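Below, each chain spelled out in residue letters.
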Amino acid sequence: MMPALTVRNIVVAVLLVALALLPLYAQLAHDRFLLTLFTRIVILAMAAVSLNLILGFGGMMSFGHAAYLGIGGYAVGMLAHEHVYSGFVQWPVALGASALFALVIGALSLRTRGVYFIMITLAFAQMAYYVVSGIARYGGDDGLTIYKRSQFVAPLDLSNKTQFYYVCLVLLFGAIYLVWRLINSRFGLALQGIRSNELRMRAIGFPTYRYRLTAFVIAGTLCGLAGALLANHTDFVSPAMMYWTRSGDLIIMVVLGGMGSAIGPVIGAVALLVLEETLSGITEYWQIILGPLLLLVVLFARGGIDGLLMKVGRRQDDEVRS
Amino acid sequence: MTLFIEQCLNGLQFGLLLFMLAAGLTLVFGIMDLVNLAHGSLYMVGAYFAATFAAWTGSFVLGAILALGATLMVGMAVEVIAMRRLYGRDHLDHVLGTFGLILFFDEAVRLIWGPEGLSLPLPSWLNRSIQILPGFQYSAYKFSIIVVTLVVAGFLYALVMRTRIGMLIRAGASNREMVGALGVNIKLLYTLVFGLGAALAGLAGLMQAPILTVQIGMGENILILAFVVTVIGGIGSVRGALVAALLVGFIDTLGRAYLPNILNAILSPEAASTAAPALSSMLIYLLMAVVLIVKPEGLFAAGQK
Amino acid sequence: MHKTLIAAGAALLLAASPVISPAMAQKKSIKIGFVSTFSGPVAVIGNNMRDSFELALDHMGRKMGGLPVEVIYEDDGFKPEIGKQKTEKLIESDHVDFIAGYIWSNVLLASLKPIVDSKTFLVIANAGPSQVAGELCSPTVFSTSWQNDQTPQAMGLYMNSKGVKSVYLIGPNYAAGKDMLKGVASTFKGKVVGQDLTTWPSQLDFSAELAKAKAANPDAVFVFYPGKAGVQFLAQYAQAGLKGKIPLYTAFTIDELSLPLQKDLALGVPGAQEWVNDLPNDANKKYVADFIKKYPGHKPSFYGAQSYDAANLIASAVNAVKGDLSDKAKVQKALEKADFKSVRGNFKFGNNHMPIQNFYLQDVVKDAKGDFVLKTVATIVKDNQDSFHDKCPMK
């Protein structure tokens, strides 16, 4: 089916095409930093997409999602430090470690509700933060420089910036597709059902705990992959990757872009990080604008940017019709 | 032995300080059902006010008193302008909205006071050690923090348990709708409670200021600890906050003090001193996770919901 | 409506990059990136470095090799990951010829890889992690400061000469703190009765560590706390009742920037340093006098002195190649000569591009006006070379 030509879909299409063509532009502009910046945006967008699966569709307000970024990142960093460079080892370890962590903390955290869930996910993430900052061998608080990026078979070379950007972009598109397929499957519909009324879902026979846990683990694993990418991107990992404010940033991306839309978090990540980069160049005090803006989004624009775009489209349709 | 007593006093001091933060947080949390991440910003604002007023007046004590009043005002203003609109929303909105307020406060402080931070020097009568037991010297300033926080805790107890406002606060924590239904001016009560919490946070901030220096973002580290205390103690319970704050204070200080020596037995000094503070911080979160798994509503859950 | 939206989106994308620049036809200026901390409680250090760097540029007419100099200052926010991002921006977006600065060893270590990979010339103006002097040394990396271990090593020697038999070591737990404590222990002949590394930079309450030091009852306490942490440490040393009871020896804890806050708490507390404001050479006299003239109310510090030297080192090399930076080997040769008048007098590079230099004992005294000032008391070691230079593969 051809998607309808609404304002929102046009913007999304423009955004995706722009992301795909970015390396070309960076080349022409002789500005490799633009590529570096957008690689970061694409990776964090992927983390936000993964968070959206549990936050937007599952209603699980995890305040510790950055932990997986750190776990995925440190899996790559620690292995590289021990001279294991193969991506075929590093990445599965990153994914496995994140999945395992998500399974354990999910199993425990999902017994709690509401604000206690927020706090317990935060607690576990902070524990992970302190674990890595406590290991002197891997740099402690100072972090760890990665001297060689993950190695795959030729011709794939992650230290080539353009290649690496496309790897990240393809994985981001893959993640969006995965989440989109998931939420439209029986599993995803059940998950959204649980979000709006868990009791009823349980009454009609859904093992709600298991559904929520599965979503929690998938989201964690996906974010762990983003972490492995981030470590390769920055050639450096530090505990700061999983500090609680980073989890807060991810939540902001999701909410700013629009919860409960597969593409929303990407819009949010691009908007937030591009705003950050441009506004911080114009005025040092840009956060004084961002802060209240966030409050306003919470109060008046629940659907985030994506929601606004859809509204704009609908209003136009109405105008045409009337 | 004196070393152990001294470390315990340090733990007590830190715990009581955390209690000042957590008390406000737990009241706001329990009564208005509001998750307020910006509580740490009020702690920061209190410290900045104190450093400014102390420099103006030339007196540490006078500066502190003025700063308390000013933080109370800021707290009430924040409640009227922003927080009020968040009541009744879900917790995600609270987290986001108040996260936005943190950004706002950090930048506002940068705009007003500059990026470099301030320092709040102690008067010479506090900048020394005193003999509190025969042959036992202790920092005069830390000792005065313990005294002040104990007095404030006593005042808080009297306020909550012995006054009409306290009665409403307790009633509000266990059944919000009922208090409103009884014709109490709930809006005013909320503003007062929020202002009180802000003043307590400001007090904690200005007391820490001479030790930790006054800087942007100073509230963010301690905020999470204050939340941990609130949750361990049970949301809405001032008594629970006190117990949990002391627990966390002791674990943190004693962990820092003794874990390096214990870990030295198995690790190199460098590895041990890297692992020790991390481990003691981790113990705090572990404690919280265990409490939540065993008692999902905290140690002293306030009222039935 | 939707056109404006798309236009806005496109504008955002465009705004993220500078205007498309024509291919670099001819070098019109020398571009230098300067990374330091300009926000937060240690901004005072970064500002002092920037002021000194600017003063050096003024002294050379803001030209090197006949070309105007353009400096881009970036704030690392006191955090390794931010420092690294800013470094990458300087290299990839601003295409700088030189990078200078770096206060903090952990920030430098995080930022090093993109600098070395891109073969950009780096002149470190403060941080001196042992790795950079040893196995991570690089042909394009130079330092106008010291290797972290050197200063505390000098202090260890001084403590020996004072007959100190036992010492308790306290410092922050990051790259430099670990180097410093190892440094002092390597030359100190007495017994190290205990040591504490504290969380950096968040921990500023040292009561637990001071209580342990007091209980251990050593002859002396050695401490390394740069910036505001040094102010806090001295205050808490007095609050714990240790001042006047156990003598304190320091490295990088008392300087012209912290002294106005430490005041009499720093009186009589010795420190080791490679530069002191009263060093008797012409370059230094000019630097100190003009700094005070240009920035009334401020004083030059060793951080500034090293930055002033960094600017002059870069200028000496650019002048030697007459502004033509295309041949990197030539520029490197010119830098290695260190053909400039250092404010610390003698200055030459070892095989690892770290300075070989003297270390002095400095003390805090009250001057005629009643201000607290630092002055040189003695020379502890002459022409000292760091102990990691033989681990560096460059010969």
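The residue numbering used here restarts from 1 in each chain and proceeds along that chain's sequence as written. Lettering of chains starts at A and numbering of ligands starts at 1, both following the order in which they are written. It should be noted that, the model being predicted, local features are given only for residues of pLDDT at least 70 and side-chain atom pairs only at 80 or more, the latter also being counted only at that level, while totals for whole chains, interfaces and linings use all residues.

Looking at this structure, how should I read the overall build of chain C?
Helix and strand counts for chain C come out as 13 helices and 14 strands. Since a compact globule built from 395 residues should have a radius of gyration of about 21 Å, the 22 Å found for chain C is in line with a globular shape. Evaluated residue by residue, chain C yields a buried proportion of 58% over its 395 residues. It is the C-beta atoms, placed from the backbone, that decide contacts: two residues are in contact if theirs lie within 7 Å. In chain C, once contacts between residues fewer than 6 apart in sequence are set aside, the share between residues at least 24 apart is 72%. Put simply, DSSP marks the helices as runs of H or I at least four residues long and the strands as runs of E at least two long, and each gets a number from the N terminus on. Within these notes, the globule rule equals 2.2 Å times the number of residues to the 0.38 power, and the radius of gyration is based on C-alpha atoms. Note on burial: count the other C-beta atoms lying within 10 Å of the residue's C-beta; 20 or more is buried, 12 or fewer is exposed, in between is partly exposed, and C-beta positions come from the backbone.

What is the right way to read helix H10 (residues 244-257) of chain A from this model?
Because each turn of an α-helix spans 3.6 residues, side chains separated by three or four positions in sequence point in the same direction. For a helix, the expected span equals 1.5 Å multiplied by the residue count minus one. Over its 14 residues, H10 of chain A runs 20 Å from end to end, which matches the ideal 20 Å to within 8%, given 1.5 Å per residue. Once H10 of chain A ends, the next one or two residues include Gly 258 of chain A, with phi positive near 130 degrees.

How do you make sense of the environment of Val 11 of chain A when you look at a structure like this?
All names here are of chain A. Inspection of the secondary structure puts Val 11 in helix H1 (residues 7-28). Val 11 sits in the buried class, given 22 other C-beta atoms within 10 Å. On a C-alpha basis, the gap between Val 11 and Leu 309 in space is 8.3 Å, while along the polypeptide they are 298 residues apart.

I would appreciate a short explanation of unusual backbone geometry in the present structure.
Trans peptide bonds make up most of the peptide bonds, and negative phi angles are found at most residues other than glycine. Of the consecutive residues Ala 154 of chain A and Pro 155 of chain A, the connecting peptide bond is found in the cis state with omega at 5 degrees. Pro 201 of chain C follows Trp 200 of chain C through a cis peptide bond whose omega is -5 degrees. Examined against the element boundaries, Pro 201 of chain C turns out to sit in the loop between strand E8 (191-198) and helix H8 (207-216). The phi dihedral of Asp 33 of chain B is positive, around 55 degrees, even though this residue is not glycine. Topologically, Asp 33 of chain B is positioned in the loop between helix H1 (2-32) and helix H2 (39-57). Accessibility expressed as a C-beta count within 10 Å gives 22 for Asp 33 of chain B, which makes it buried. Phi at His 353 of chain C is positive, roughly 65 degrees, even though this residue is not glycine.

Whenever I open this one, the confidence of the model for chain C confuses me. Can you help?
Parts of the prediction with low pLDDT should not have their coordinates interpreted in detail. Residue and element names in this part refer to chain C. Every residue gets a pLDDT, meaning the predictor's confidence in that residue, from 0 to 100. On average, residues of chain C score 91 in pLDDT, and 93% of them reach the 70 mark or higher. Taken together, the stretch residues 11-25 has pLDDT below 50 and engages in 16 contacts with residues farther than four places along the chain or on a different chain. Across the interfaces of the predicted complex, the ipTM metric reaches 0.87, alongside a pTM of 0.88.

Quick question: what am I supposed to make of the sheet that holds strand E3 (residues 67-75) of chain C here?
Strand pairs in the sheet, formed through backbone hydrogen bonds, run parallel or antiparallel to each other. Residues and elements named next belong to chain C. With mixed pairing, six strands are arranged side by side in an open sheet as E2-E3-E1-E4-E5-E6. At either end of the open sheet lies a strand with only one pairing partner, and these are strand E2 (63-64) and strand E6 (141-143). Sheet topology places strand E1 (residues 30-36) next to strand E4 (residues 98-101); four bridges connect them, and they run parallel. Residue pairing for E4: Ile 32 is matched across the bridge by Phe 98. Lines fitted to the C-alpha atoms define the axes, with helices restricted to the stretch that makes contact. Angles between their N-to-C directions range from 0 to 180 degrees. In the packing of helix H2 (residues 43-59) onto the sheet, contacts are made with E1, E3 and E4, and the angle to E1 comes to roughly 160 degrees. Lying on the sheet, helix H3 (residues 80-92) is in contact with E1, E3 and E4; it crosses E1 at an angle near 175 degrees. Strands were regarded as paired on the criterion that DSSP finds at least two bridges between them.

What's the story with the confidence of the model for chain A in this structure? I'm lost.
Put simply, chain A has an average pLDDT of 90, and 94% of its residues get 70 or more. Highest mean pLDDT in chain A belongs to helix H3 (residues 66-81) of chain A (97); lowest belongs to helix H13 (residues 304-321) of chain A (73).

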